Amino acid sequence: MKKQNVRTLSLIVCTFTYLLVGAAVFDALESDTEKRRWEALDAIEKMVIKKYNISPDDFRVMETVVLKTEPHKAGQQWKFAGAFYYATTVLTTIGYGHSTPNTIGGKLFTMCYAIVGIPLGLVMFQSIGERLNKFSSFVIEGVKRMLGCRDVQASELNLICVVTTLSSLTIAGGAAAFSRYEGWTYFDSVYYCFITLTTIGFGDMVALQKDDALDKKPEYVVFSLIFILFGLAIVAASLNLLVLRFVTMNTEDERRDEAEALQAAQGAVRLEGDVITANGSILSGQVGETSSVNSEQSVCSCSCVWCGVAGGQRRYSVRRRRPLSRGNSGGGGGNGGGILPLQPLEQLPAVTSHTHRASI
């Protein structure tokens, strides 16, 4: 089995094992809390219905109104600032879900916009990540020269340390800003930044969604958009070093296998209906035809005088065997083709003092 197949199978097994472990851990951490929250909410619902003497249907209407009006607290979601924020979440595949199109035209344009925008965004962030890694290499080499190191080349480990540090600083700085503007705890802000920059985008915490921030805080809107784009570029640099390294390993293995197969093919001789003569030339023809070969180019391996007759040339008839299918191929040839014995065109005198050996 090829090395790539073994690696792929191992990755599949590891991924499903990782999913099972994750499910077990989340079950242990969240299930009890979820049950307690649901019981508390159910008790509050019954208390409100009893206190204000409203029917369950009226309560459902009130609940829907509260949920539907929540996005409007941030201001107008579909003016230019809010629309630009939505387009950014589509192109970067974050997909918070804080605002979604309601019209058929908006939904249709979202799909068409994503088909073009998502590949464009991936290529752009990947290119920025490569340039950032290149710049980091120059900085690392300059620092090593200043420190008098013998090996001034930037290794992959050096680059990984740099992009990891940049990613940590980006998340830490963004968390401080969002904690101030949104009123979140610092831990919740770090959680939001991580979920955003990894494009998970749960939507449980979304910036710019209160106090008419989209309309009244343009500087905060600009900061949020720059944070998303710059942070995703940093993450792309990390992926360029970590994830794409595995892709490079697969490509190197495939090229190595192709080189080995080509080298093996160069040393192999395949007989598929062609006659290989003594001087190395190949006589080709159609299946079932008969060709004549003179004795100077015969398949006889000896150099005796009997290869010529009275100063003339002996001619042989070569008949090609019709190729067999691989499933029915016998001893005549492993590849479905072979050469029948040579038949002389004229009777030769008996020779007792020398034996000819035909070899291919």
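Refer to the preceding data block for the structure.
Residues numbered from 1 in each chain as written. Predicted model: local features only at pLDDT ≥ 70, side-chain atom pairs only at ≥ 80, totals over all residues. Heavy atoms only, no water.

Moving on: the overall build of the chain. In terms of helices and strands, the chain carries eight helices and five strands. When the elements of the chain are put in sequence order from the N terminus, they spell out α-α-α-α-α-α-α-α-β-β-β-β-β. Here the chain, with 360 residues, has 27% of them falling under the buried criterion. When contacts within the chain are restricted to residue pairs at least 6 apart in sequence, those whose partners lie at least 24 apart make up 61%. (Helix = DSSP H or I, 4+ residues; strand = E, 2+ residues; numbered from the N terminus. Buried < 20%, exposed > 50% of the residue type's maximum accessible area, 1.4 Å probe, protein only. Contact = heavy atoms within 4.5 Å.)

Following the sequence through the fold, V48 ends up in helix α1 (residues 3-52). The spacing of V48 and F59 is 11 residues in sequence and 8.6 Å in space, taken between C-alpha atoms. Discounting residues that sit within four places of it in the chain, V48 has contacts with N53, I54 and F59.

A few words now on the nonpolar core. Y85, F178, Y192 and L208 are the most contacted members of the largest nonpolar core, which totals 26 residues. Among the elements of the structure, α5 (156-182), α6 (186-197), α7 (213-216) and α8 (218-266) are those that each provide at least two residues to this core. Examining the composition of this core, we find that eight residues originate from one element, α8, more than from any other. Apart from residues no more than four positions distant in its own chain, Y192 is found in contact with Y85, Y96, F178, W184, M205, V206 and A207. Among the nonpolar cores identified, the runner-up in size contains seven residues, and I140, L159, V163 and L241 belong to it. (Core = buried A, V, L, I, M, F, W, Y, C linked by side-chain atoms within 4.5 Å.)

Taken together, the side chains of W38, L41, I44 and M47 present a nonpolar region at the surface, about 470 Å² in accessible area. Examined against the element boundaries, M47 turns out to sit in helix α1. (Patch = residues over 30% accessible without salt bridge, like charges linked within 9 Å, V, L, I, M, F, W, Y side chains within 5 Å. Areas by Shrake-Rupley, 256 points an atom, 1.4 Å probe, with all protein chains shown as cover. Salt bridge = Lys/Arg side-chain N within 4 Å of Asp/Glu carboxyl O.)

The subject of this paragraph is the side chain of T110. By the secondary structure assignment, T110 is in helix α4 (residues 104-147). Polar side-chain contacts of T110 include one of 2.7 Å to the backbone oxygen of G106. With near-sequence residues (within four places) excluded, T110 lies in contact with Y86 and P101. (Polar contact = N/O pair within 3.5 Å; in protein donor to acceptor, adjacent residues only side chain to side chain.)

The subject of this paragraph is the side chain of E45. Among the secondary structure elements, E45 is positioned in helix α1. Relative accessible area serves as the criterion here: at 16%, E45 is assigned to the buried category. Excluding anything up to four places from it in sequence, E45 contacts F59 and R60.

With that settled, consider unusual backbone geometry. Here the phi dihedral of N53 falls at roughly 55°; this positive angle occurs in a residue that is not glycine. With respect to the helices and strands, the residue N53 is situated in the loop between α1 and α2 (56-69). Of note in the backbone geometry, L208 takes a positive phi value of approximately 65° without being a glycine. Relative to the helices and strands, L208 resides in the loop between α6 and α7.

For the coordinates displayed, the defined rule picks out three salt bridges. Between K46 and D42 there is a salt bridge, with its nearest N and O atoms 3.4 Å apart. Here K46 pairs with D42, and both are found in helix α1, just four residues apart, close to one helical turn. Residue K46 is classed as exposed on the basis of its relative accessible area, which comes to 54%. Since its relative accessible area comes to 24%, D42 is described here as partly exposed.

Our next topic: α4. Because an α-helix completes one turn every 3.6 residues, residues spaced three or four positions apart along the sequence face the same direction. A rise of 1.5 Å per residue sets the reference length of α4, with its 44 residues, at 64 Å; its end C-alpha atoms lie 62 Å apart and thus fit the reference within 8%. At A114, α4 shows its largest bend, some 35°. The first or second residue beyond α4 is G148, which carries a positive phi of 75°. (Expected span 1.5 Å × (residues − 1). Bend = angle between axes of the 7 residues up to and from the residue.)

A few words now on helix α3 (residues 80-91). With 12 residues, α3 ought to run about 16 Å at 1.5 Å a step, and its terminal C-alpha atoms sit 16 Å apart, in line with that. Among the residues making up α3, those that are buried are G82, Y85, Y86, A87, T88, T89 and V90. Of the residues trailing α3, T93 is marked for its positive phi of about 60°.

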